[in-house]
Amino acid sequence: MKPKLEARDICYSYHTTDGETPALSHISFSVPAGEFLAVVGPSGCGKSTLLSLLCGLLEPEEGSVLIDGVPIAQSGQAIGYMLQKDHLFEWRTIYGNVSLGLEIQKKLNRDSGVRLRQMLAAYGLKGFEHSRPSELSGGMRQRAALIRTLALKPDLLLLDEPFSALDYQTRLSVCDDISSLIRESGKTAVLITHDLSEAISTADRVIVLSSRPASVKAVFPLTFGKEYKSPLKRRNAPEFSGYFDQLWRTLKEGPETE
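Small disclaimer: the values here were computed from a predicted structure and weren't measured. (Residues numbered from 1 in each chain as written. Predicted model: local features only at pLDDT ≥ 70, side-chain atom pairs only at ≥ 80, totals over all residues. Heavy atoms only, no water.)

1. Some remarks on the pairing of strand E2 (residues 19-31)
In regular strands, side chains alternate between the two faces of the sheet. For clarity, the cut-off: Pairing between strands is defined by DSSP: at least two bridges between them are needed. Each helix is a run of H or I in the DSSP string that is no shorter than four residues. Each strand is a run of E no shorter than two, and both are numbered from the N terminus.
When strand E1 (residues 5-16) meets E2, the two strands line up antiparallel, connected through nine bridges. Bridging from a neighbouring strand, Ser13 pairs with Pro22 of E2. Between E1 and the antiparallel strand that follows it, E2, lie two residues.

2. Side note on helix H1 (residues 47-54)
Quick reminder of the rule: Each residue is assigned to one of three classes by its accessible area relative to the maximum for its type, calculated with a 1.4 Å probe on protein chains only: buried under 20%, partly exposed between the two thresholds, exposed over 50%.
For H1, the tally of buried residues reaches seven of eight residues, placing the bulk of the element in the interior. Among the residues making up H1, those that are buried are Lys47, Thr49, Leu50, Leu51, Ser52, Leu53 and Leu54. Just downstream of H1 lies Gly56, where phi reads positive at about 90 degrees.

3. Focus: a negative patch on the surface
We apply this condition: Patch members must show over 30% relative accessible area and no salt bridge, and they are joined within 9 Å when carrying like charges or within 5 Å when they are nonpolar side chains of Val, Leu, Ile, Met, Phe, Trp or Tyr. Note that accessible areas follow from Shrake-Rupley with a 1.4 Å probe, and for residues the cover is restricted to the protein chains shown. Salt bridges are identified by distance alone: a Lys or Arg side-chain nitrogen within 4 Å of an Asp or Glu carboxyl oxygen. Residues counted as positive are Lys and Arg, residues counted as negative are Asp and Glu, and His and the chain ends are not counted. Think of each charge as sitting on NZ of Lys, CZ of Arg, CG of Asp or CD of Glu.
Judged by side-chain charge, Asp9, Glu20, Glu61 and Glu62 come together as a negatively charged surface patch. On the secondary structure map, Glu61 appears in the loop between H1 and strand E4 (62-67). Under the relative-accessibility criterion, Glu61 is labelled partly exposed at 41%.

4. Some thoughts on the packing of helix H6 (residues 138-150) against helix H7 (residues 168-185)
Going by this rule: Here an angle of 0 to 180 degrees is reported between the N-to-C directions of two axes, which are lines fitted to C-alpha atoms, with helices fitted over the stretch in contact. Roughly parallel means an angle under 35 degrees; roughly antiparallel, over 145; roughly perpendicular, 65 to 115; everything else is oblique. By the definition used in this description, the sense in which the near helix is turned from the far one sets the handedness, with an anticlockwise turn below a right angle giving left-handed and a clockwise turn giving right-handed. Residues count as neighbours in contact if any of their non-hydrogen atoms are within 4.5 Å of one another. Classes in brief: Ala, Val, Leu, Ile, Met, Phe, Trp, Tyr, Cys and Pro nonpolar; Asp, Glu, Lys and Arg charged; the others, Gly included, polar.
Running from N to C, H6 and H7 cross one another at 25 degrees; their axes reach a closest spacing of 10 Å. Comparing the axis directions of H6 and H7 gives the class roughly parallel. Considering how the two elements wind past one another, H6 and H7 form a crossing that is right-handed. For the pair H6 and H7, the contacting residues are Gly139, Gln142, Arg143 and Leu146 in the first and Thr170, Val174, Asp177, Ile178, Leu181 and Ile182 in the second. Along the lines of polarity and charge, the residues of the contact of H6 with H7 split into five nonpolar, three polar and two charged.

Keep in mind these values describe shape, not function.
This is how it looks when you write it as structure tokens:
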């Protein structure tokens, strides 16, 4: 079976009048359907650049990105992208915000509207359909951003540090909620984060990138008991500290792997 997402020998550099700045160097990995993958690395190593390549906003200088075995430019697959901020429009209601993508694609109809209201109820936003974003907590706003993303029924979810703008307590709670919702939906997801604990608590595997130009330094599969299903519960698992130590050592001094 072909992986849902595959990066093949990706290279990318930024070009300015001052010269070339290599960002990514020969990055290869694959993500099976339904997997939750986390990507970590030193600050400024090119994690967000990688995500932009995976969704087709940027084109690699070398290598290719495939979805279901087809080059991303030809695949036609829907990709959902959650950014660091929720980017909700204050002049629209919460329902108006979560329905925005459907409106743009002219897919907002009776059936999709019913589905949106079902998602609002399921994600704890029932009764807030006519509220403005400023009337919601940071966590509720992120749930609204997730609904807006999932409303278009993406085949792949890309998450660029979507919890980083929240305070620590809210971040833990929202990460637990949203990660659990993504798993329940069965979506394939790639999370970019600088938070090792967040990566371990949410993902099935963690890819560690080197400093710029980033390459794949190591890949860590994560295995937890069935009783540790949610991110918050994983943080209390006996395996958690061991995984954290491995990731930390690899980030700081571990050798690169082919």
